[in-house]
Amino acid sequence: MKLKNLFFTLLAMVSVATVSATTQENGAATTASEPLVLTLEQALQIALSESPTVKIADKTIEAKKYAKKGTYSSLWPDISASGTYQRYIKKQTFHIMGQTMEVGTTNNMSAGVNAAMPLVNAQLWKSLKLSAMDVELAVEQARSSRVDMVEQVSKAFYQVLLAKDSYNVYKRVYDNAVENHKIVEKRYSVGAVSEYDFIRSKVSVSNAEPNVFNAENSIIVALWQLKALLGLDMNKEIDCAGSLADFEPVMTSHIAHEMDLSNNSTMRQLDIQERMLDKSIELKRSANLPSLALSIGYNFVAMDETMKLFHYRWNPYSVAALSLNIPIFSGFKRRSDVKQAKIDLENLQLQRENVERQLYTAMKQYESSMLTNLKQYHASSENISQAKRGYDIAVKRYEVGGGTLVDVDNSQLAYTQAELSRSTAIYNYLVNQVSLEKIKGTTENSNSQEN
């Protein structure tokens, strides 16, 4: 009896453990299948920390900094140790007064330490300033990469919200078509409506269904694009929090933007490049200036006929030297280099002027488009309530036999167009705003304020 009780006790424990393990596995599977819901701010944080484009820009800055350190190392003494061993296969001979004499020893060794450093070198000093500007340019290019990434991620995020809003509209249209078909089917079964209405309602359901499928596919594609920009695993399920309606306060509080390019990354890069070309002209001119260098050496020399190193007599000697180099003539090369650098500077200045005009034009276009989107939003928002009320009235009239199915379909179409117009107006406004803020160079700030 005790063995029997013990058996049932063990069986119960095993059953409880199995149920517990199954419950934990199901819970883990449920947790793993839940998508990662991201706000716009979270998506931007992930993109700016995980995107390969941003990481490459950061690595470029790091490489430029090391290059700058390498240039500054030219100011320090260059110290090196050297050693040489020579063995004469045949010694040099001299003939004096009919006698032949060999000169030198079979084994010759030398070792020493030498140091050299520039004292006066205008070209080197100018190149140091160019290296510092090169790092500054890399930093600005990295900022430009971040601004571009913010723009792309923001647009991709808004694209997902637009696809979700479109899906909700088309799904509601489909659900309404199904409900209307059920009403028509009941009335048709009792002979209250014609076969034409029955067929028309059925066709309306069939026509609404593909739009739902297309909207679902648009959401999937938009999420794939967003995951690619964020640098996430493509198999990772994500979703975007909120809807385009959450950004309506941004539109209702619209403020005219200042046409300011002081933070534009392209203009900043051109400014840095212009200063670099100025320094490059100075660098090429400094090639005409003398340079002075100092070198110091401490060496040992040993010569012997044997290979007994420990018996060698090492003779030390030291030397210090000043080297003065005065450029005189180089076939007009330095003069040609200066003229070429001046032409490069003039070309850059013309390019800067042209880019500035284009950027101002683009800013005006985005600002004008935003005002148009704002008008479209207000018009569609006022129209939505009227279109919805018209649809409800059309449905009620049809139910009591006072209207036709054509009236229901027309009012449904008007209601759908009004909702899609509002969502599209919000989306276009946000996209134009992001593009405008990118040109101004304040994309990151504007998005952080919206969230």
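Definitions and cut-offs
Residues numbered from 1 in each chain as written. Predicted model: local features only at pLDDT ≥ 70, side-chain atom pairs only at ≥ 80, totals over all residues. Heavy atoms only, no water. pLDDT = per-residue confidence, 0-100. Helix = DSSP H or I, 4+ residues; strand = E, 2+ residues; numbered from the N terminus. Contact = heavy atoms within 4.5 Å. Patch = residues over 30% accessible without salt bridge, like charges linked within 9 Å, V, L, I, M, F, W, Y side chains within 5 Å. Areas by Shrake-Rupley, 256 points an atom, 1.4 Å probe, with all protein chains shown as cover. Salt bridge = Lys/Arg side-chain N within 4 Å of Asp/Glu carboxyl O. Lys, Arg positive; Asp, Glu negative; His and termini not counted. Charge placed at Lys NZ, Arg CZ, Asp CG, Glu CD. Polar contact = N/O pair within 3.5 Å; in protein donor to acceptor, adjacent residues only side chain to side chain. Expected span 1.5 Å × (residues − 1). Bend = angle between axes of the 7 residues up to and from the residue. Pairing = 2+ DSSP bridges. Axes fitted to C-alpha atoms, helices over the stretch in contact; angles between N-to-C directions.

*Asks:* Sorry if this is basic, but what is going on with the confidence of the model for the protein here?
*Replies:* Parts of the prediction with low pLDDT should not have their coordinates interpreted in detail. Scored by pLDDT, the protein comes out at a mean of 83, with 90% of its residues at no less than 70. Highest mean pLDDT in the protein belongs to helix α7 (residues 265–285) (91); lowest belongs to helix α1 (residues 2–33) (43). Predicted confidence for residues 1–32 stays below pLDDT 50, and this span has 0 contacts to residues more than four positions away or in other chains. Under a pLDDT of 50 for its full length, residues 445–451 has, in the predicted model, 12 contacts with residues more than four places off or in other chains.

*Asks:* Looking at this structure, how should I read the environment of Thr53?
*Replies:* Of note, Thr53 is situated in helix α3 (residues 52–72). Along the backbone, Thr53 and Gly231 are 178 residues apart, and their C-alpha atoms lie at a distance of 9.4 Å.

*Asks:* Help me understand a positive patch on the surface in this model?
*Replies:* On the surface, a cluster of positive charge is contributed by Arg285, Arg335, Lys339 and Lys342. In terms of residue count, helix α8 (residues 333–399) provides more of the positive patch than any other element does, 3 residues in total.

*Asks:* Help me out: how do you make sense of the side chain of Glu419 in this one?
*Replies:* Within the secondary structure, Glu419 is located in helix α9 (residues 405–440). Among the polar contacts listed, one links the side chain of Glu419 to the side chain of Arg172, at a separation of 2.5 Å. Excluding residues that lie within four positions of it along the chain, Glu419 makes contacts with Val169, Arg172 and Ile384.

*Asks:* What is the right way to look at α8 in this model?
*Replies:* Along an α-helix, residues three or four positions apart point the same way, because every turn accommodates 3.6 residues. With 67 residues, α8 extends 94 Å between its outermost C-alpha atoms, agreeing within 8% with the 99 Å of an ideal straight helix rising 1.5 Å per residue. Of all bends in α8, the biggest is about 25°, found at Ile384. Remark: Gly401 follows α8 within two positions and exhibits a positive phi of approximately 85°.

*Asks:* Which parts of the structure should I look at to understand the sheet that holds strand β8 (residues 315–325)?
*Replies:* Note on sheets: strands pair through backbone hydrogen bonds, and any given pair is parallel or antiparallel. Strand order in this open sheet of 4 strands is β2-β5-β7-β8, and the pairing throughout is antiparallel. The outermost strands of the open sheet, each flanked by one partner alone, are β2 (78–87) and β8. Here the strands of the sheet are splayed against their neighbours by 20° on average, with no regard to which way each runs. Both β2 and strand β5 (residues 107–120) contribute to a ladder of 10 bridges, which runs antiparallel. Paired with Ser82 across the bridge in β5 is Gly112.

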